[in-house]
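# Residue-level structural notes
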Amino acid sequence: MRRSFACFVGSALVLLGVAGMVGVAAETASKEVEVNGVRLPYVEQGSGTPVVLVHAALSDLRDWEAVREALARNHRVVAYTQRYHGIAPWPDDGRSFSAATHADDLAAFISALD
């Protein structure tokens, strides 16, 4: 079965389809998942169609605190902090910092959360 999920990037809405995405109820809690050799922190809440919130530059998953609860009324909301953002130390000297790295991490993040 193929279900859709929404991915908020900054203030833009991008709709993506991913096979196997299933809405699962989750408590709001800070968690981590390892993808592509780094651990990415995230929070999730709500149930229904998954919505992945992707913060803009110079920020982290906290960007979405003002809207996460409202979105979680009808969706499984997942907000994560991208590599090289937030308060965690960089995993390297920045040599992998690129849009391609963030896109690869996002794809792996979504897959890891099923």
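Before going into details, it helps to say that this report is about the structure given with it. The structure displayed is predicted, hence computed values, not measured ones. (Residues numbered from 1 in each chain as written. Predicted model: local features only at pLDDT ≥ 70, side-chain atom pairs only at ≥ 80, totals over all residues. Heavy atoms only, no water.)

### Overview of the pairing of strand β4 (residues 38-45)
By the criterion of burial, β4 is predominantly enclosed, with six of the eight residues buried. Where strand β3 (residues 30-35) meets β4, six bridges bridge the pair, whose relative direction is antiparallel. Its bridge partner lying in β4, Glu34 is registered against Arg39. The antiparallel pairing of β3 with β4 creates a hairpin that spans two residues between the two strands, and Asn36 there sits at a positive phi of about 50 degrees. Direction of pairing for β4 relative to strand β6 (residues 75-80): antiparallel, over a ladder of four bridges. Its bridge partner lying in β6, Tyr42 is registered against Tyr80. (Buried < 20%, exposed > 50% of the residue type's maximum accessible area, 1.4 Å probe, protein only. Helix = DSSP H or I, 4+ residues; strand = E, 2+ residues; numbered from the N terminus. Pairing = 2+ DSSP bridges.)

### Remarks on unusual backbone geometry
Positive phi outside glycine occurs at Tyr84, with the angle close to 75 degrees. Tracing the backbone through its elements, the reader meets Tyr84 in the loop between β6 and α2 (99-112). Of note, Asp114 is a non-glycine position whose phi angle comes to about 55 degrees, a positive value. For Asp114, the position within the fold is in the segment after α2.

### Focus on the pattern of salt bridges
Tallied over the entire structure, the rule returns seven salt bridges. Here Asp60 makes a salt bridge to Arg62, at a shortest N to O gap of 2.6 Å. The shortest N-O distance in the salt bridge between Arg95 and Asp93 comes to 3.0 Å. Connected through shared salt-bridge partners, Lys31, Glu44 and Arg76 make up one network. (Salt bridge = Lys/Arg side-chain N within 4 Å of Asp/Glu carboxyl O.)

### Overview of the pairing of β6
Burial of β6 is extensive: five of the six residues sit out of reach of the surface. Relative to β6, strand β5 (residues 49-54) runs parallel, the two sharing six bridges. Bridging across to β6, Thr49 finds its partner in His75. Running through helix α1 (residues 65-72), the crossover from β5 to the neighbouring parallel element β6 is right-handed. (Right-handed = clockwise from strand over helix to strand, strands pointing away.)

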